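Chain by chain, the residues run as shown.
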Amino acid sequence: MSHGRDIAASDWTDEDLLTRDEASGRLKEEIDAVRERLAMLESGGSDAPADAASVLLLTRRLSALEKLYGAL
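Before going into details, it helps to say that this report is about the structure given with it. It should be emphasised that the depicted structure is a prediction, and the values quoted were computed from it without experimental measurement.

## Things to note about the packing of helix α1 (residues 20-43) against helix α2 (residues 52-71)
Then, in step 1: Relative to each other, α1 and α2 sit at 155 degrees, their axes nearing to 9 Å. Compared by their axis directions, α1 and α2 come out roughly antiparallel. In terms of crossing hand, the pair formed by α1 and α2 is left-handed. Facing α1, whose interface residues are R20, S24, L27, K28, E30, I31, V34, R35, R37, L38, L41 and E42, α2 presents S54, V55, L58, T59, R61, L62, L65, E66, L68, Y69 and A71.
Then, in step 2: Partitioning the contact of α1 with α2 into residue classes produces twelve nonpolar, three polar and eight charged.

What follows is the structure, given as structure tokens:
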């Protein structure tokens, strides 16, 4: 039997959690990156062909990210 720390105990601290400002900042950065990638695919400016499936997935991702950003 060990007298050490309980392994099943939570090790979370307040420093481990994101604030709303930090979360919204990270979401905004990701939204901007997805918009940029989507615009590049739609304009044909990338080396990869503008695949309709990729555009659809990025459009869905952008929509979900914007919805989360709006909820903060």
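## Description of the nonpolar core
Then, in step 1: Counting residues in each nonpolar core, the largest one holds nine residues, listed as L27, I31, V34, L38, L41, V55, L58, L62 and L65.
Then, in step 2: Elements that contribute at least two residues to this core include exactly α1 and α2.
Then, in step 3: Counting residues per element, this core draws most heavily on α1, which supplies five residues.

## Overview of the pattern of salt bridges
Then, in step 1: For the structure on display, the rule yields three salt bridges.
Then, in step 2: Close ionic contact of R61 with E30 constitutes a salt bridge, the shortest N to O distance being 2.8 Å. One end of the pair, R61, is in helix α2; the other, E30, is in helix α1, and 31 residues separate them in sequence.
Then, in step 3: Residues E66 and R35 are paired through a salt bridge, measuring 2.5 Å at the closest nitrogen-oxygen approach.

## A closer look at the environment of R20
Then, in step 1: On the secondary structure map, R20 appears in helix α1.
Then, in step 2: Taking the relative accessible area as the measure of exposure, R20 reaches 59% and is therefore exposed.
Then, in step 3: For the pair formed by R20 and Y69, sequence separation is 49 residues and the distance between their alpha carbons is 10.0 Å.
Then, in step 4: Setting aside anything within four residues of it in sequence, one finds R20 in contact with A71 and L72.

Thresholds applied
Residues numbered from 1 in each chain as written. Predicted model: local features only at pLDDT ≥ 70, side-chain atom pairs only at ≥ 80, totals over all residues. Heavy atoms only, no water. Axes fitted to C-alpha atoms, helices over the stretch in contact; angles between N-to-C directions. Helix = DSSP H or I, 4+ residues; strand = E, 2+ residues; numbered from the N terminus. Parallel < 35°, antiparallel > 145°, perpendicular 65-115°, else oblique. Left-handed = near helix turned anticlockwise from the far one by under 90°. Contact = heavy atoms within 4.5 Å. Nonpolar A, V, L, I, M, F, W, Y, C, P; charged D, E, K, R; others polar. Core = buried A, V, L, I, M, F, W, Y, C linked by side-chain atoms within 4.5 Å. Buried < 20%, exposed > 50% of the residue type's maximum accessible area, 1.4 Å probe, protein only. Salt bridge = Lys/Arg side-chain N within 4 Å of Asp/Glu carboxyl O.

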